[in-house]
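Fold and geometry: a report
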Amino acid sequence: MVARSPRATDDDLTAKARIRNAALDLYARDGEERTSLRAVSSAAGVTLGLVQHHFKTKAGLRRAVDQLIVDYFAQTVAAVPTDGKPEEVASARDDAVRRMLEENPPVVNYLRRVLLE
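These numbers come from a predicted model, not from an experiment.

Take the overall build of the protein next. Assigned secondary structure in the protein consists of 6 helices and 0 strands. Going from the N terminus to the C terminus, the protein shows its helices and strands as α-α-α-α-α-α. Of all 117 residues assigned to the protein, the portion counted as buried reaches 30%. The long-range share in the protein, meaning contacts at least 24 apart out of those at least 6 apart in sequence, stands at 64%. As presented, the protein carries roughly 7700 Å² of accessible surface, and 54% of it is formed by carbon and sulfur atoms.

Okay, structure coming up:
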């Protein structure tokens, strides 16, 4: 039996998600360049050391936020049934993505900032 690392607990996983979500919100509002890791740690309610433990660098945190955005789209598209005429499936996917974006303004704001920067 392999000993489990004390850092690999459910609390760490929850903190990791809080950090990533805080980064998304701050990057969407202020942009990545103007958001420090310290600001992210404060918004997530964790220490700067925990941010660095989970993501190592600001680039690592950005990759996690980018993956979250990809996951939003992938899960939304995957949830749409694929049976039916292709144009119906495409329309249903368009509607699902539109609803997802309406329900998640930080996703829209983050994408807008990334495209403009």
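A separate point is the confidence of the model for the protein. Chain-level statistics for the protein give a pLDDT mean of 89 and a share of 89% at 70 or above. Scored below 50 in pLDDT, residues 1-10 shows 5 contacts in the model against residues more than four places distant or in partner chains.

It is worth spelling out unusual backbone geometry at this point. One non-glycine residue with positive phi stands out, namely Lys 56, at about 65°. Residue position: Lys 56 is located in the loop between α3 (48-55) and α4 (58-78). Classification of Lys 56 by relative accessible area gives exposed; the value is 60%.

Moving on, we get to α3. Those residues of α3 that fall on the buried side of the exposure criterion are Val 51, His 54 and Phe 55. Down the axis of α3, the buried set is contained in an arc of 75°. They therefore lie on one face.

Let us look at the packing of helix α5 (residues 86-103) against helix α6 (residues 105-116). Look at α5 against α6: their axes get within 5 Å of each other, and the N-to-C directions meet at 95°. For the element pair α5 / α6, the angle class is roughly perpendicular. Of the residues in α6, those in contact with Leu 101, Glu 102 and Glu 103 of α5 are Pro 105, Val 107 and Val 108. Counted by class, the contact of α5 with α6 contains 4 nonpolar, no polar and 2 charged residues.

This paragraph deals with α5. With 18 residues, α5 extends 26 Å from end C-alpha to end C-alpha; this agrees with the ideal 26 Å at 1.5 Å per step. On its buried face, α5 is in contact with α4.

In this section: the packing of aromatic side chains. Counted under the stated rule, the structure contains 1 aromatic pair. Judged by centre distance (6.5 Å) and plane angle (20°), the ring pair of Tyr 27 and Tyr 110 falls under stacked. Taken together, the residues Tyr 27 in helix α1 (residues 10-30) and Tyr 110 in helix α6 connect sequence positions 83 residues apart. Assessed through its relative accessible area of 1%, Tyr 27 is described here as buried. For Tyr 110, a relative accessible area of 4% gives the class buried.

This brings us to the nonpolar core. By size, the foremost hydrophobic cluster in this structure holds 21 residues, and its most contacted members are Ile 19, Val 40, Leu 61 and Tyr 110. Leaving out residues up to four positions away in the same chain, Tyr 110 has contacts with Leu 24, Tyr 27, Ala 28, Arg 62, Val 65, Asp 66 and Ile 69.

Procedures and definitions
- Residues numbered from 1 in each chain as written.
- Predicted model: local features only at pLDDT ≥ 70, side-chain atom pairs only at ≥ 80, totals over all residues.
- Heavy atoms only, no water.
- Helix = DSSP H or I, 4+ residues; strand = E, 2+ residues; numbered from the N terminus.
- Buried < 20%, exposed > 50% of the residue type's maximum accessible area, 1.4 Å probe, protein only.
- Contact = heavy atoms within 4.5 Å.
- Areas by Shrake-Rupley, 256 points an atom, 1.4 Å probe, with all protein chains shown as cover.
- pLDDT = per-residue confidence, 0-100.
- Arc of directions from axis to C-beta.
- Axes fitted to C-alpha atoms, helices over the stretch in contact; angles between N-to-C directions.
- Parallel < 35°, antiparallel > 145°, perpendicular 65-115°, else oblique.
- Nonpolar A, V, L, I, M, F, W, Y, C, P; charged D, E, K, R; others polar.
- Expected span 1.5 Å × (residues − 1).
- Phe/Tyr/Trp six-rings, centres within 6.5 Å; stacked < 30°, edge-to-face > 60°.
- Core = buried A, V, L, I, M, F, W, Y, C linked by side-chain atoms within 4.5 Å.

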